[in-house]
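# Residue-level structure breakdown
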Number of protein chains: 2
Amino acid sequence: MEREELLRSLAVKNARKILLVVLDGLGGIPHKDGKTELEVAYTPNLDELAANSSCGLSIPVLPGITPGSGPAHLSLFGYDPLRYRIGRGILEALGLGMEVKPGDVAVRGNFATLREGKIVDRRAGRIPTEENKKLIGLLSERIKEIDGVKIILRSGREHRFAMVLRGEGLGDEVSDADPQKEGLPPKMPEAISPSGRKTAEVAGKFMEMATEILKDHPRANTVLLRGFSSHPKIPHMQEIFKLNPVAIATYPMYRGLAQLVGMEVAETGESMEDEINTLRQVWKDYDFFYLHIKKTDSYGEDGDFEKKVKIIEEFDSHLPEILKLEPDVLVITGDHSTPTKLKSHSWHPVPFLLHSPYTFKDGIREFSEISCRRGSLGIFYAVDAMALMLANALRLKKFGA
Amino acid sequence: MEREELLRSLAVKNARKILLVVLDGLGGIPHKDGKTELEVAYTPNLDELAANSSCGLSIPVLPGITPGSGPAHLSLFGYDPLRYRIGRGILEALGLGMEVKPGDVAVRGNFATLREGKIVDRRAGRIPTEENKKLIGLLSERIKEIDGVKIILRSGREHRFAMVLRGEGLGDEVSDADPQKEGLPPKMPEAISPSGRKTAEVAGKFMEMATEILKDHPRANTVLLRGFSSHPKIPHMQEIFKLNPVAIATYPMYRGLAQLVGMEVAETGESMEDEINTLRQVWKDYDFFYLHIKKTDSYGEDGDFEKKVKIIEEFDSHLPEILKLEPDVLVITGDHSTPTKLKSHSWHPVPFLLHSPYTFKDGIREFSEISCRRGSLGIFYAVDAMALMLANALRLKKFGA
């Protein structure tokens, strides 16, 4: 029996509330004067809470593996990230705020430049985002449906867009319609298995129609498609964990990821304060709350040490309000590390704090990478976090007699 | 290759002796003045031994999972508790001291009250245990065999009993013969798959015969049956680990669990002193000794902090006698935690101490949940304990060249 089946068989409902706060890309590595962002940040509230909680470090996927946002979040939501795969097309669509339903196929698209039968620029000279929007408006107006399959388009930045195909009989076993290198002729999508046939046909027709519509544009006169991916069909948190979950997140991708596992998504504003106000407003209506703070990761990717520190400090200043809600179980962690030294996601285990009436009080002096390592949770896999949260909410029956 | 197959291929016999002491439900969480039972207990002998041993914390099944006695013990005995499942009927029968053999099916039974074709009390008004014994005596005398299947009955407390069916062609794919709710008509056992057919027939006839025999009893005039379970067919410790093991335990369930994995069971008395005398007596005859102390768990479940502390202290006072036997490998741990604060088994990792000539001397100051966390074994899965014990007894060959 696997972990998921085990939890499914043991989870029960009760009135206890679990709050999972994800400070995206929270973890760091020694950087400024040999310190991490968390070590430099002034976080009296987090430090006090950590001293009275069980702490540890969580491994997002496996040691040494740097996760994208998809696998990292799936782990924290209790799903084995090696079992459930979220395709690139799906993530792109979710990131642009598109809805993706079971049965849909999502694809990433590029505007590109075609000259004399060859793709000469796979990014159409990185056309301005505003121009992209106009072109997507045009395509959306002219191509609404192909062979009974609904075509839904949305602009991304510069030359990027996403497409969702919605209809019967669509599979994602389709090769990329992208020559990968410039100077080669366009490549049509091809079914890799029979299940992908209809998708490949529809996508091929879309490319032909789009190329016809765009033919007079000086740079963006064709499109490339790649990352065909079906809705990952993940069993919902309601079903496995018997939770009634809600997501509070400002960025579309995280709202989309939350929806994939069955969370409702609360309307909220752009600031951390907005998010915490939303949390307060929906507090009585749910029993599992996923609160996502994005900017720790954004500044990590920018390599901006000071700004990442500031965001951590801003969160710390809001912590007392959060504690006033009196969650029965509170977890504060990241989905992965984004050390400003690396300017990217990384494989380093992530500080993790769990507070409930049934945790140890580890007495560590500050909430940091090094201190958490000495905590009572040790170093563990993020995919086990859900069982720990449910256990601390007394929401898991005993296994066996 | 799985862990079990690996150990099977590497284990060898030698003269070294391993002693596994299981203080049932040993682990606790901060409770009295923020301390655990182990922290409050005065345990100079355990503390000294811990300082000269390798310590750690063991996770019985998976993080967050609270195990019953069955899975928790299987782990410590080196068996994957998610691979081998011990059914409720088997555990009930073992708990009442019944022998269960390969091919047997065991069932939990209730005396119940039937009125005008409906079950009006699923517990027969919780008849006194003495009355239960008389009724089981009567049924045992009148129903010895059905269709060539031997019927073996034993009284439990109040309305409970267990039944073992012994004969050819019995399977446990049988639905519960229990309406689950009062006010409903009796439910007969039904085969869920063809392998359960004979069992369902025999059990159904037993219910009819029992109801006829009991018909004049004012309350206990019928029976319900549930938890049909086959002998779990676990490969013996002799076969996998090349051990010659013996169990010393006062409670029937643990004696039964030990038998399931091939241990012989020594006759012993009720007290800890009796058990240790027995250990001394059988010391020359075996090479693996499982010594089970039950009351740490019992008082944990009662929520009696002081008495759990006293049992730990009692064990500590016996430790010097145990050390005089000079086991080559000594482990002292629990099968799971039973914090008095929770009055139940819990998911918290369990203090674990391993002593051999080949362990580190962790120098921890006391044997406790928090100190063990800093030990050289770290936090590990209990199912790995057997390999650690065998390794420290130099009973495992090198894997690969």
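Residues numbered from 1 in each chain as written. Chains lettered and ligands numbered in written order. Predicted model: local features only at pLDDT ≥ 70, side-chain atom pairs only at ≥ 80, totals over all residues. Heavy atoms only, no water.

The next subject is the overall build of chain A. Across its full length, chain A carries 14 helices and 14 strands. Principal-axis analysis of the C-alpha atoms gives chain A an extent of 70 × 55 × 40 Å. A burial count over chain A gives 57% of its 401 residues as buried. For chain A, contacts bridging at least 24 residues in sequence account for 74% of all contacts bridging at least 6. Counting every atom, chain A has about 16,300 Å² of accessible surface; 49% of that belongs to carbon and sulfur. Charge centroids of chain A, computed over 54 positive and 57 negative side chains, lie 2 Å from each other. (Helix = DSSP H or I, 4+ residues; strand = E, 2+ residues; numbered from the N terminus. Buried < 20%, exposed > 50% of the residue type's maximum accessible area, 1.4 Å probe, protein only. Contact = heavy atoms within 4.5 Å. Areas by Shrake-Rupley, 256 points an atom, 1.4 Å probe, with all protein chains shown as cover. Lys, Arg positive; Asp, Glu negative; His and termini not counted. Charge placed at Lys NZ, Arg CZ, Asp CG, Glu CD.)

In this structure, Tyr 79, Phe 288, Tyr 290 and Met 389 of chain A are the most contacted members of the largest nonpolar core, which totals 63 residues. Apart from residues lying up to four places away in sequence, Met 389 of chain A is in contact with Ile 18, Leu 20, Leu 76, Phe 288, Val 329, Val 331 and Leu 354 of chain A. Counting residues in hydrophobic clusters, the runner-up holds 45 residues, among them Phe 77, Ile 90, Leu 91 and Ala 247 of chain B. (Core = buried A, V, L, I, M, F, W, Y, C linked by side-chain atoms within 4.5 Å.)

What follows is about the packing of aromatic side chains. Evaluation of the coordinates by the stated rule reveals 15 aromatic pairs over all chains. Aromatic side chains Tyr 79 of chain A and Phe 241 of chain A sit 5.7 Å apart centroid to centroid with 70° between the ring planes, which places their arrangement in the edge-to-face category. Of this pair, Tyr 79 of chain A sits in the loop between α4 (69-76) and α5 (88-95) while Phe 241 of chain A sits in helix α8 (residues 237-241); the two residues are 162 residues apart in sequence, bridging distant segments of the chain. Judged by relative accessible area, which is 0%, Phe 241 of chain A ranks as buried. Residues Tyr 79 of chain B and Tyr 84 of chain B carry aromatic rings whose centres are separated by 5.8 Å and whose planes lie at 80° to one another, so their mutual orientation is edge-to-face. (Phe/Tyr/Trp six-rings, centres within 6.5 Å; stacked < 30°, edge-to-face > 60°.)

So, on to the layout of surface pockets. Approximately 1,200 Å³ is the volume found for the largest pocket. Every residue lining the largest pocket is counted, 34 residues in all, and those nearest its centre are Ser 69, Arg 88, Leu 91, Glu 92 and Met 253 of chain A. Among the elements of the structure, α4, α5, α9 (252-260) and α11 (295-302) of chain A are those that each provide at least two residues to the lining of the largest pocket. When the residues that make up the lining of the largest pocket are grouped by side-chain class, the tally is 15 nonpolar, 9 polar and 10 charged. The wall of the second largest pocket is formed by 22 residues, among which Glu 92, Gly 95, Arg 157, Tyr 251 and Met 253 of chain B lie closest to the centre. Elements supplying a minimum of two residues to the lining of the second largest pocket: α5 (88-95), α9 (252-260) and α11 (295-302) of chain B. At 4 residues, the largest contribution of residues to the lining of the second largest pocket is made by α5 of chain B. Here the lining of the second largest pocket is built from residues that sort into 7 nonpolar, 6 polar and 9 charged. (1 Å grid on protein atoms, 1.4 Å probe; cavity = no way out; pocket = protein on both sides within 12 Å on 5 of 7 lines; lining within 4 Å. Points joined across faces, edges and corners; volume = space filled by probe spheres on them. Nonpolar A, V, L, I, M, F, W, Y, C, P; charged D, E, K, R; others polar.)

Often, the extent of an interface is quoted as the loss of accessible area on bringing the components together. Facing the 30 residues of chain B at the interface are 28 residues of chain A. Carbon and sulfur atoms make up 68% of the surface buried where chain B meets chain A, a total of about 2,300 Å² over both sides. It is Leu 82, Trp 347 and Arg 373 of chain B in chain B that bury the most area against chain A; as a group they hold 23% of the surface buried on that side. Applying the counting criterion to the chain B and chain A interface returns 1 salt bridge. A salt bridge links Asp 362 of chain A to Arg 373 of chain B; its shortest N-O distance comes to 3.5 Å. Put simply, chain B and chain A have 7 residue pairs in polar contact (both at pLDDT 80 or more) between them. For the side of chain B that touches chain A, the elements supplying multiple residues, two or more each, are α4 (69-76), α5, α13 (369-373) and β14 (378-381) of chain B. When the residues that make up the side of chain B that touches chain A are grouped by side-chain class, the tally is 16 nonpolar, 9 polar and 5 charged. (Buried area = accessible area lost by both parts, 1.4 Å probe. Salt bridge = Lys/Arg side-chain N within 4 Å of Asp/Glu carboxyl O. Polar contact = N/O pair within 3.5 Å; in protein donor to acceptor, adjacent residues only side chain to side chain.)

What follows is about the relation of the copies chain B and chain A. Two copies of a chain can be linked by a rotation about an axis combined with a shift along that same axis. The transform that puts chain B on chain A rotates by 124° and translates by 0.1 Å along the axis, for an RMSD of 0.2 Å. In short, the pair behaves as if placed about a three-fold rotation axis. (Least-squares fit on C-alpha atoms with pLDDT ≥ 70 in both.)

Residues and elements named next belong to chain B. In spatial order, the strands read β10-β9-β11-β1-β12-β13-β2-β14; together these 8 strands make up an open sheet with mixed pairing. Either end of the sheet is taken by a strand with one partner, and the two such strands are β10 (264-265) and β14. Where strand β1 (residues 18-23) lies against strand β11 (residues 288-293), 6 bridges are found, and the strand directions are parallel. Bridge pairing in β11 places Leu 19 opposite Phe 289. α4 rests against β1, β11, β12 (329-333) and β13 (350-355) of the sheet, and its axis sits at about 155° to β1. The strands touched by α9 within the sheet are β9 (245-248), β10 and β11, with β11 carrying the most contacts at an inclination of about 155°. (Pairing = 2+ DSSP bridges. Axes fitted to C-alpha atoms, helices over the stretch in contact; angles between N-to-C directions.)

To continue, consider a nonpolar patch on the surface. Residues and elements named next belong to chain A. A contiguous nonpolar surface patch, about 340 Å² in accessible area, is contributed by Leu 62, Ile 65, Leu 82 and Tyr 381. Structurally, the position occupied by Ile 65 is in the loop between β2 (54-59) and α4. For Ile 65, a relative accessible area of 37% translates into the label partly exposed. (Patch = residues over 30% accessible without salt bridge, like charges linked within 9 Å, V, L, I, M, F, W, Y side chains within 5 Å.)

Next up on the list: α11 of chain B. Residue and element names in this part refer to chain B. Listed as buried for α11 are Thr 296, Asp 297, Ser 298, Tyr 299 and Gly 300. Where α11 is buried, its residues meet β1, β11 and α12 (305-324). Downstream of α11 by a residue or two, Gly 303 has a phi angle that is positive, lying close to 75°.

Glancing now at the pairing of β9 of chain B. Regular strands place their side chains on alternate faces of the sheet. Residues and elements named next belong to chain B. Because side chains alternate across β9, one face comprises the buried residues Pro 245 and Ala 247, and the other comprises Val 246 and Ile 248, equally buried. Relative to β11, β9 is paired through 4 bridges, and the arrangement is parallel. Bridge pairing in β11 links Ala 247 to Tyr 290. Judged from the 2 bridges that link them, β9 and β10 form a sheet pairing that is parallel. By the bridge assignment, Ala 247 is partnered in β10 with Val 265. Chirality of the crossover, the property in question, places the unit of β9, α9 and β10 among those that are right-handed. (Right-handed = clockwise from strand over helix to strand, strands pointing away.)

As a further point, take the sheet that holds strand β11 (residues 288-293) of chain A. Sheet strands pair via backbone hydrogen bonds, and the direction of the pair is either parallel or antiparallel. Residue and element names in this part refer to chain A. Spatial ordering of the open sheet is given by β10-β9-β11-β1-β12-β13-β2-β14, a layout of 8 strands whose pairing is mixed. Every interior strand has two partners, whereas the edge strands, β10 (264-265) and β14 (378-381), have only one. Two elements, strand β12 (residues 329-333) and strand β13 (residues 350-355), share 4 bridges in a ladder whose sense is antiparallel. Looking at β13, one finds that Ile 332 is bridged to Leu 353. Helix α14 (residues 385-392) rests against β1 (18-23), β11, β12, β13 and β14 of the sheet, and its axis sits at about 15° to β13.

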